[in-house]
Amino acid sequence: MRRDPYAILAARIVREMQDSPEKINMWGKTWKGTGCMGLKIVMLGAPGAGKGTQAVRMAQEMGVPHISTGDIFRKNLREGTDLGKQVQEYLNSGGLVPDSLTCDIVADRLQESDCANGYILDGFPRSVPQAEMLTEFLAKHGGKIDVAVNVDVPDEVIVDRLSARRSNPETGEVYNLKFNPPPPEIADKLIQRDDDKPETVQERLRTYHETTEPIIDYYRTLGVLVDVPGADAGPDEIYRRIMDVLPK
Ligand code: AP5
Ligand code: MG
């Protein structure tokens, strides 16, 4: 009797997970068994809290896309696109790109096929109207945010971290001259983000407290918020804390 191929595949996945819960090999790709696959996650936190650092690693481990509105805007700025020209003034001043423009871009991105099994949103939503639009958009498509991770870091630590942040323009990798030094062979090519100048950092923090911080309570009310202290340990320990509190 021929067995249903989906049943064979399901049995194989269960066997792989029992044999090696840390690693699952399928279709030539290694999925690390974080136990958190399929989640739709929002990363919250002040500028420089470490959202991007954590989101990149989480996305790699879970095999889902990392969607950073800041990265999308900076890419368009570098490439001189129409969108880049529209957002330039907001990024340079430390203000926010208008909600409608930002939401349209995210809505388009979330409809791409790689988002079907979860994603990590980093830097979006960033205002209560953006959070409400995201909830409505997902509800229309039969979904919802599963967890909002609030990486909690006080302002004085932020200023210190952002003054020492550098990134590799070729790979997008982010380093920190004090806390996560780059390999010496690439040190020369690293650049500092324009909006990491001290006066722009102050404006970004002001914008954060005024417009973005209220969405912590928005997600708390929805019952999906988890708070993670993010100031007293390095990226590896913060990653472990996040993994510990994600729904399994
Ligand atoms: P965006 O790119 O989202 O910037 P941000 O929120 O200001 O956040 P950052 O990227 O600066 O910080 P992060 O939390 O990712 O920290 P990172 O991991 O790099 O947005 C930029 C601009 O785009 C906005 O100002 C706005 O104009 C516009 N924009 C974006 N989204 C928008 C939206 N939704 N609506 C409207 N406008 C929008 O870490 C920081 C540094 O600390 C690094 O050097 C890192 O190596 C280091 N570090 C990380 N973790 C640790 C640790 N545990 N210990 C020590 N150092 C650490
Ligand atoms: Mg970032």
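Residues numbered from 1 in each chain as written. Chains lettered and ligands numbered in written order. Predicted model: local features only at pLDDT ≥ 70, side-chain atom pairs only at ≥ 80, totals over all residues. Heavy atoms only, no water.

## Brief notes about the packing of helix α6 (residues 128-140) against helix α9 (residues 214-222)
Okay, step 1: Remark: α6 packs on α9, axes separated minimally by 9 Å, with the N-to-C direction vectors making an angle of 35 degrees. Contact residues: V128, A131, E132, L134 and T135 in α6; P214, I215, Y218, Y219 and L222 in α9. (Axes fitted to C-alpha atoms, helices over the stretch in contact; angles between N-to-C directions. Helix = DSSP H or I, 4+ residues; strand = E, 2+ residues; numbered from the N terminus. Contact = heavy atoms within 4.5 Å.)

## Looking at the site of ligand 1
Okay, step 1: Of all residues adjacent to ligand 1, which total 35 residues, the nearest are T53, G95, R126, R165 and R204.
Okay, step 2: K51 has a polar backbone atom sitting 2.9 Å from an oxygen atom of ligand 1.
Okay, step 3: Note that an oxygen atom of ligand 1 is positioned 2.5 Å from one of the side-chain N or O atoms of T53.
Okay, step 4: Here ligand 1 has 1,000 Å² of accessible area as a free molecule, and 97% of this is covered by the chains.
Okay, step 5: For the shell around ligand 1, the secondary-structure elements that each account for two or more residues are α2 (51-62), α3 (69-79), α4 (82-93), β8 (174-176) and α10 (235-245).
Okay, step 6: Sort the elements by how many residues they give to the shell around ligand 1 and α3 lands first, with 4 residues.
Okay, step 7: A class-by-class count of the residues in the shell around ligand 1 yields 15 nonpolar, 12 polar and 8 charged. (Near = heavy atom within 4 Å. Polar contact = N/O pair within 3.5 Å; in protein donor to acceptor, adjacent residues only side chain to side chain. Areas by Shrake-Rupley, 256 points an atom, 1.4 Å probe, with all protein chains shown as cover. Nonpolar A, V, L, I, M, F, W, Y, C, P; charged D, E, K, R; others polar.)

## Topic: the nonpolar core
For soluble globular proteins, the rule of thumb is that nonpolar side chains tend to be buried together.
Okay, step 1: Counting 50 residues, the largest nonpolar core has I41, M58, L110, L121, V149, Y219 and L246 as the members making the most contacts within it.
Okay, step 2: M58 has contacts with I41, M43, I120, Y239, I242, M243 and L246, leaving out every residue within four places of it along the chain.
Okay, step 3: Grouped together as the second largest cluster of nonpolar side chains are 7 residues, F73, L83, V87 and I105 included. (Core = buried A, V, L, I, M, F, W, Y, C linked by side-chain atoms within 4.5 Å. Buried < 20%, exposed > 50% of the residue type's maximum accessible area, 1.4 Å probe, protein only.)

## Some remarks on the packing of aromatic side chains
Okay, step 1: Applying the stated criterion across every chain, the model contains 1 aromatic pair.
Okay, step 2: Lying across the ring of Y239, R57 places its NZ or CZ 4.0 Å from the centre. (Phe/Tyr/Trp six-rings, centres within 6.5 Å; stacked < 30°, edge-to-face > 60°. Lys NZ or Arg CZ within 6 Å of the ring centre and 35° of its normal.)

## Quick notes on the confidence of the model for the chain
Okay, step 1: Mean pLDDT over the chain stands at 90; residues scoring 70 or higher make up 85%.
Okay, step 2: Throughout residues 21-33 the model reports pLDDT below 50, and contacts reaching past four residues in sequence, or to other chains, amount to 27 contacts. (pLDDT = per-residue confidence, 0-100.)

## What to know about the pairing of strand β3 (residues 40-44)
Okay, step 1: Here β3 lies mainly inside the structure; 5 of its 5 residues are buried.
Okay, step 2: By the alternation rule, side chains of β3 split into K40, V42 and L44 and I41 and M43, which are all buried.
Okay, step 3: Pairing geometry for β3 and strand β5 (residues 119-122), over 4 bridges, is parallel. The residue of β5 that forms the bridge with V42 is L121.
Okay, step 4: Two strands pair when backbone bridges link them, and β3 and strand β6 (residues 147-152) are joined in this way by 4 bridges, in the parallel orientation. Within β6, the residue paired with V42 across the bridge is A148. (Pairing = 2+ DSSP bridges.)

## A few points about the pattern of salt bridges
Okay, step 1: The full count for this structure, using the stated rule, is 19 salt bridges.
Okay, step 2: Taking the shortest distance from any N to any O, the salt bridge between E112 and R109 comes out at 3.3 Å.
Okay, step 3: In this structure R109 comes out as buried when scored by relative accessible area, which is 19%.
Okay, step 4: R220 serves as the salt-bridge partner of D217, at 3.3 Å between the closest nitrogen and oxygen. Remark: R220 and D217 occur in helix α9; sequence separation between them is 3 residues, near one turn of the helix.
Okay, step 5: Take D217: its relative accessible area is 48%, and that puts it in the partly exposed class.
Okay, step 6: Here the salt bridges do not stand alone but share partners, grouping R165, R193, D195, D196 and R204 into one network. (Salt bridge = Lys/Arg side-chain N within 4 Å of Asp/Glu carboxyl O.)

## Some remarks on unusual backbone geometry
Comment: phi is negative for the bulk of residues other than glycine, and the bulk of peptide bonds are trans.
Okay, step 1: Here F124 and P125 are connected by a cis peptide whose omega angle stands at 0 degrees.
Okay, step 2: Relative to the assigned elements, P125 resides in the loop between β5 and α6.

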